[in-house]
Amino acid sequence: MAKIQLRSFRVNEIVFTNKVEPDTKIALEFKYGYQVAHKGGNACVGEMTLNVLDKENADRFNIKIVLLGYFSIDGEIAKEAVHAATFKDLFPYMRTVVTSVTVNSGMPPIIPPAIDIDSQPVFRVDK
């Protein structure tokens, strides 16, 4: 049976703007991006990007985080299956980073909603 293992991850980029006055409520929008680069052999790198924006004014509040996950693959697995499996492994770390950034900035925690990656279309582009 083929196996995918997360070897390590790191935050590659954090951009954070918070110009919201205290006690002001805003509506948030979440935008996700994910791609996997296969490095040959049994390795791949997943790059997850999350943007959290004020729906009415992104200049007032926004967070952009880029997280990289380094994976090993033992056995043959279709690239689409690798994409979904690595997303599932990496997403909890993204949620933790967003929550930590917001809490440590003195605001209520933002916890990105879960995503059912299996119900999302996966577009494959081989380079």
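Our structure's up above, just so we're on the same page.
Residues numbered from 1 in each chain as written. Predicted model: local features only at pLDDT ≥ 70, side-chain atom pairs only at ≥ 80, totals over all residues. Heavy atoms only, no water.

1. Description of the overall build of the chain
As a reminder, the rule being used: Strands here mean DSSP runs of E at least two residues long; helices mean DSSP runs of H or I at least four residues long; both are numbered from the N terminus. Only protein chains enter the calculation, and the probe is 1.4 Å; a residue is then buried if its accessible area is under 20% of its type maximum, exposed if over 50%, and partly exposed in between. Only the protein chains shown count as cover for residues, and all accessible areas are computed by the Shrake-Rupley method using a 1.4 Å probe. Neither His nor the chain ends is counted toward charge; the positive residues are Lys and Arg and the negative residues Asp and Glu. Charge coordinates come from a single atom per side chain, which is NZ of Lys, CZ of Arg, CG of Asp or CD of Glu.
Summing up its helical and strand segments, the chain has 1 helix and 4 strands in all. Taken from the N to the C terminus, the helices and strands of the chain come in the order β-β-β-β-α. Dimensions along the principal axes, computed over C-alpha positions, put the chain at roughly 50 × 25 × 25 Å. Counting the 127 residues in the chain, one finds 32% classified as buried. Here the chain has roughly 7900 Å² of accessible surface; of this, 49% comes from carbon and sulfur atoms. Here the chain holds 15 positive side-chain charges and 15 negative ones, and the gap between their average locations is 3 Å.

2. Focus: the side chain of Asp54
Formally: For this analysis, a polar contact is any N or O atom pair within 3.5 Å, provided that within protein one partner can donate a hydrogen and the other can accept it, and provided that sequence-adjacent residues contribute only side-chain to side-chain pairs. Contacts: residue pairs with any heavy atoms within 4.5 Å of one another.
Its place among the elements puts Asp54 in strand S3 (residues 43-54). You can call Asp54 buried: its relative accessible area is 3%. A polar contact is formed between the side chain of Asp54 and the backbone nitrogen of Glu56, at a distance of 3.0 Å. Only 2.5 Å separates the side chain of Asp54 from the side chain of Arg60, close enough to count as a polar contact. Asp54 has contacts with Ile26, Ala27, Arg60 and Phe61, leaving out every residue within four places of it along the chain.

3. A few points about the pattern of salt bridges
Using the following cut-off: The salt bridge criterion pairs a side-chain nitrogen of Lys or Arg with a carboxyl oxygen of Asp or Glu, the two atoms within 4 Å.
Per the counting criterion, the structure on display carries 2 salt bridges. Lys64 is the partner of Glu13 in a salt bridge, and the nearest nitrogen-oxygen pair spans 3.7 Å. Residue Glu13 is located in strand S1 (residues 3-18), and its partner Lys64 is located in strand S4 (residues 61-74); the two are separated by 51 residues in the primary sequence. The exposure class assigned to Lys64 is partly exposed, which follows from its relative accessible area of 28%. For the salt bridge of Asp54 with Arg60, the shortest nitrogen-to-oxygen distance reads 2.5 Å. Note on Arg60: relative accessible area 23%, which makes it partly exposed.

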